[in-house]
Amino acid sequence: MIDWLELAESLITSPWLYAVLIAVSCLDSFLPLIPSEAVVVVAGVYAATGKTDLVLVIAATTLSAFLGDMVPYVAGRLLGPRVLKRLPPGTKRRRAHDWFTRQLDARGGFVLVTTRFIPVGRYLATLSTGIVGYPLGAYMAFVGFATATWSAYTVLTGYLGGVIFQENTLLAIAVGLALAFLVTGVIEVVRHLRRRGGAIPHSTETTVE
């Protein structure tokens, strides 16, 4: 199994580092166990010392994350008709599907942008978006904004740690990761509260299972 963090640190002064950043940012979109945030934060920390290029790190991770998010969306679009066949009208699962479709129509941008900061959440959201047939143009626009925001935030979090703790790289990395996880936690709490407020309404109708 590849130790992506160790690999990135060993290539900090090499152009191959950007290939690693592209790989982890893309794969993490549909393989949740890839530690993209940690690797990107490290690249940001070293950008504070001039060992990596801040703009290139942001550009590489933004583009690759965007392309990676297209994979589960396309998979969802391909699986959509098959999934719908297993969700007969009137069943609880079909109502849940229809409810999620309405939620995306109403606040698709919020869902896609916030879940981008949550490792497993981003995969589930992009796959589900494809399954319900969310419009491609709107999806690309929101995901483009989400990945650019995610990349800039993650890189700059590491960069900030590197600026503050220039004499202690390990501490800078630890602080950068802590900030990244803190914001991720806050976003998840906000999503949870919004989800509770817009919970699927219960129906008194007889359902067919």
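Before any of the text, the structure's been laid out above.
What you see is a predicted model, and the numbers here were worked out from it, not measured in a lab.

**Observations concerning the packing of helix 2 (residues 16-27) against helix 4 (residues 54-85)**
So, step 1. Taken N-terminus to C-terminus, the directions of helix 2 and helix 4 make an angle of 35°; their axes are 7 Å apart at the nearest point. Considering how the two elements wind past one another, helix 2 and helix 4 form a crossing that is right-handed. Residues Tyr 18, Leu 21, Ile 22, Ser 25 and Cys 26 of helix 2 form the contact with helix 4, whose participating residues are Leu 56, Val 57, Ala 60, Thr 61, Ser 64, Ala 65 and Gly 68.
So, step 2. Its residues assigned to classes, the contact of helix 2 with helix 4 shows eight nonpolar, four polar and no charged.

**Details of helix 6 (residues 119-131)**
So, step 1. Under the 1.5 Å per step criterion, the end-to-end length of helix 6 is 19 Å for 13 residues, consistent within 8% with the ideal 18 Å.
So, step 2. Burial in helix 6 covers these residues: Gly 121, Arg 122, Ala 125, Thr 126, Leu 127, Thr 129 and Gly 130.
So, step 3. Among the residues trailing helix 6, Gly 133 stands out with phi positive, at a value near 75°.

**As for the nonpolar core**
So, step 1. Among the nonpolar cores identified, the biggest contains 20 residues, and Trp 4, Leu 17, Val 20, Leu 21, Val 24, Val 39 and Val 57 are the most heavily contacted of them.
So, step 2. Secondary-structure elements contributing two or more residues to this core are helix 1 (4-10), helix 2, helix 3 (36-47), helix 4 and helix 7 (136-164).
So, step 3. Residues in contact with Val 20, not counting those within four places in the same chain, are Trp 4, Leu 7, Ala 8, Leu 11 and Val 39.
So, step 4. Membership of the second largest hydrophobic core comes to 11 residues, among which are Tyr 73, Leu 112, Val 132 and Val 143.

**What to know about helix 5 (residues 92-115)**
So, step 1. Across its 24 residues, helix 5 extends only 25 Å between first and last C-alpha, which sits more than 12% below the 34 Å expected from 1.5 Å per residue.
So, step 2. The largest bend in helix 5 comes to about 95°, at Arg 107.

**As for the packing of aromatic side chains**
So, step 1. Applying the stated rule across the entire model yields two aromatic pairs.
So, step 2. Ring centres of Tyr 73 and Tyr 139 lie 4.1 Å apart, and the angle between their planes is 20°; on these two criteria the pair is classed as stacked. With Tyr 73 in helix 4 and Tyr 139 in helix 7, this residue pair connects regions lying 66 residues apart in the sequence. Summarising the burial analysis for this pair, Tyr 73 and Tyr 139 share the class buried.
So, step 3. For Arg 116, the ring lying beneath its charged end belongs to Trp 150, and the centroid distance is 4.8 Å.

Parameters and conventions
- Residues numbered from 1 in each chain as written.
- Predicted model: local features only at pLDDT ≥ 70, side-chain atom pairs only at ≥ 80, totals over all residues.
- Heavy atoms only, no water.
- Axes fitted to C-alpha atoms, helices over the stretch in contact; angles between N-to-C directions.
- Helix = DSSP H or I, 4+ residues; strand = E, 2+ residues; numbered from the N terminus.
- Left-handed = near helix turned anticlockwise from the far one by under 90°.
- Contact = heavy atoms within 4.5 Å.
- Nonpolar A, V, L, I, M, F, W, Y, C, P; charged D, E, K, R; others polar.
- Expected span 1.5 Å × (residues − 1).
- Buried < 20%, exposed > 50% of the residue type's maximum accessible area, 1.4 Å probe, protein only.
- Core = buried A, V, L, I, M, F, W, Y, C linked by side-chain atoms within 4.5 Å.
- Bend = angle between axes of the 7 residues up to and from the residue.
- Phe/Tyr/Trp six-rings, centres within 6.5 Å; stacked < 30°, edge-to-face > 60°.
- Lys NZ or Arg CZ within 6 Å of the ring centre and 35° of its normal.

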